[in-house]
Structures are given as C-alpha cells and as structure tokens.
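# Descriptive structure summary
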Amino acid sequence: MATAMLTMSSVTKRYGETMALADADVAFAPGHVHTILGENGSGKSTLVKLLSGVVRPTAGEISLDGRPIELGRPVDAHRLGISTVFQEVLLAPERSVLENIFMGFDGLLTFRLSKAERRSKASAALASITRTPLDLDQPAGSMPLAQQQLIVLARSLVRDPRILILDEVTAALDFGDRDVLFGAIRAFVETGRLAIFISHRMDEVRRLSDRVTVLRSGRVVETLEAGQITGPRLLSLMLPDTRIPVGHHV
Ligand SMILES: Nc1ncnc2c1ncn2[C@@H]1O[C@H](COP(=O)(O)OP(=O)(O)O)[C@@H](O)[C@H]1O
Ligand SMILES: [Mg+2]
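Residues numbered from 1 in each chain as written. Chains lettered and ligands numbered in written order. Predicted model: local features only at pLDDT ≥ 70, side-chain atom pairs only at ≥ 80, totals over all residues.

### What to know about the site of ligand 1
By nearness alone, every residue bordering ligand 1 is listed as Y15, T18, A20, G38, N40, G41, S42, G43, K44, S45 and T46. Contributing elements (two or more residues each) for the shell around ligand 1: β2 (18-28) and α1 (44-51). A per-element tally of the shell around ligand 1 places α1 first, with three residues. Among the residues making up the shell around ligand 1, the classes are represented as two nonpolar, eight polar and one charged. (Near = placed C-beta within 6 Å. Helix = DSSP H or I, 4+ residues; strand = E, 2+ residues; numbered from the N terminus. Nonpolar A, V, L, I, M, F, W, Y, C, P; charged D, E, K, R; others polar.)

Next comes the structure, spelled out in structure tokens:
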C-alpha cells in the first residue's frame, strides 16, 4: 500500500451543537482517486473545507508528507498545492472566462504571467475538460451552467496543484461532459498526484475510485480498497437500514 500523502488524524469539526465531522481518520495516497461518499448532511463538504483552509478543526490534526500542517486560511492550502472546487459554483458573472479562471490567484503568480501566457494556460486547462472550445473573452455568466462549472474546474487546474479536491462537481454536467472530466481526473493522478472526489452518486463512485471512504452522520464508517468497491457494499455502509434482498444484485 502506498504511503499516505495527506492524512487526517482524529479530526473533529463541531458547529455549536452539530457534530459535522467526528474523530475522522483518513489516509490519502498519491496516485489515487480517493472518493468520499455519503448522503446529504453526512459531513463531506465539512471535510473538504477542513482540507482547504476554509474552516478550522475543533480538534485533530492534518498532515502533508508526514508533517502536521496548519490550514488557517485558504491561501495556506494553495501554497501547499491543494486546490479545491467547492460545491457552490463561485463565479463573477460579468467578468470574462479568462478573468474568472485566474481569479483569486496569489497576486504574485498573476503578475508573473503575461496576458498571452494566461490565455494559453487557460485554453489548455479548458481543453483538457471540455469538448468544444470556450470563448475566453465572453462574460462567464452568459454561459450555460455546465460550462460555468467547467470554468471553475479550469481555475483549479491552472494552479497546477498536487492535490485536487472536487466537491460534487458533476451535478450540472451531462454524460459526455462527465466522461471527459473523468478522463482528466485519471490523467491527473497518473503522475502521482492525488484527487479527492466527493460524490453521493453510486455509479460515478464505482467507476472512478481507487479507494472510497464512506461517511455517515459525520463519522467515517469505513474505507474500501479498489477490489472491495461494490454497489451493495457501498449502499449498506451509506444506509445502514437498507435491506438488500438475498440474491439481489445492485
Ligand atoms: N456552517 C455551518 N453551520 C452549522 N452547521 C453546519 C455548517 N456547515 C455544515 N453544517 C452541518 O454539518 C452537517 C454536515 O454538513 P456537510 O458537511 O455540508 O454535509 P454534506 O456535504 O455531506 O452534505 C450537516 O448537519 C450540516 O447542516
Ligand atoms: Mg456537501
């Protein structure tokens, strides 16, 4: 088994009375698509925000390459090569596609790249996840929702992260878009990087994952390795009350 790149040790996040994530232990290995699966409200986005410096843990520790890290702010995660596509599509609708792709970049990098370099990086990132070229100069808000989602994805890719976190990014995508995106995610991890893929869609999870951690009510139920990832197994971990009739194949 590969050594972990990123680990969460006994990580807890509480919002007042709500235990959003309780005592979570997860080890993420390089070269993997590691999926976090769970029903709505199970704590997936909380885990994502903890790994992205958006919220701080109530308790516990996050380590990268074996060393504890402090993710106090999103910029801390960026500097460590962690880039996240959040569940909510965050776009400035009147700004161009190009501006949106480079939005929120550390000033340093933006200034270091010429306009031409920014255009070519943005085009390359979009080309890896879209089937038809997008006009970089159009306002992002004028595009269909699926394309807006792809623009937000491209924003993460141009940062060239080591760790890419995708929180329910397929909701607005059709099957064709999804195929292209899944190909891009596989290509991303083939070079030894890590993708953390968040989903509650069973078909996607089985197709894409090297490893699946199942959350239920803020708790890690189990982490399955590739050979253990089957529909019935995932369902029974996600929904403890599901009764699967004998002989029924999901
Ligand atoms: N900012 C917040 N304030 C209070 N409760 C929150 C906050 N964010 C999430 N929660 C609660 O934490 C739990 C886990 O939420 P979340 O991580 O968004 O789950 P998921 O992404 O799996 O749907 C839910 O009960 C949710 O209502
Ligand atoms: Mg969520």
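### Describing unusual backbone geometry
With the exception of glycine, most residues fall at negative phi, and the peptide bonds are largely trans. A positive phi angle is found at D23, which is not glycine, with a value near 55 degrees. Within the secondary structure layout, D23 lies in strand β2. Looking at D23, the number of C-beta atoms within 10 Å reads 15, which means it is partly exposed. Phi at E168 takes a positive value of approximately 50 degrees, unusual for a residue other than glycine. Within the secondary structure, E168 sits in the loop between β7 (163-167) and α7 (175-190). (Buried ≥ 20, exposed ≤ 12 C-beta atoms within 10 Å, placed from the backbone.)

### As for the nonpolar core
In terms of nonpolar packing, the biggest core is built from 58 residues, with A154, I165 and I196 touching the most fellow members. For this core, the leading source of residues is helix α6 (residues 145-157), giving six residues. Not counting residues up to four positions away in its chain, the partners in contact with I165 are V48, L51, S52, I82, T84, V85 and I196. (Core = buried A, V, L, I, M, F, W, Y, C linked by C-beta atoms within 7 Å. Contact = placed C-beta atoms within 7 Å.)

### Regarding helix α5 (residues 115-129)
End to end, α5 covers 22 Å across 15 residues, agreeing with the expected 21 Å (1.5 Å per residue, within 8%). Every buried residue belonging to α5 is among A122, A125, L126 and I129, and all of these are buried. For α5, the angular spread of buried residues about the axis comes to 95 degrees, placing them on one side. Facing away from the buried side of α5, by more than 90 degrees, are the exposed residues A116, E117, S120 and A124. Looking at the packing, one finds that the buried side of α5 touches α3 (97-101), α6 and α7. (Expected span 1.5 Å × (residues − 1). Arc of directions from axis to C-beta.)

### Looking at the sheet that holds β2
If you trace the four strands from one edge of the open sheet to the other, you get β2-β1-β4-β5, paired in antiparallel fashion. Each having just a single partner strand, β2 and β5 (67-69) make up the two edges of the open sheet. Averaged over all adjacent pairs, the angle separating strand axes in this sheet is 30 degrees, with direction ignored. Relative to β5, strand β4 (residues 59-64) runs antiparallel, the two sharing three bridges. Within β5, the position partnered with L64 by the bridge is R67. (Pairing = 2+ DSSP bridges. Axes fitted to C-alpha atoms, helices over the stretch in contact; angles between N-to-C directions.)

This is a description of form; function is not addressed.
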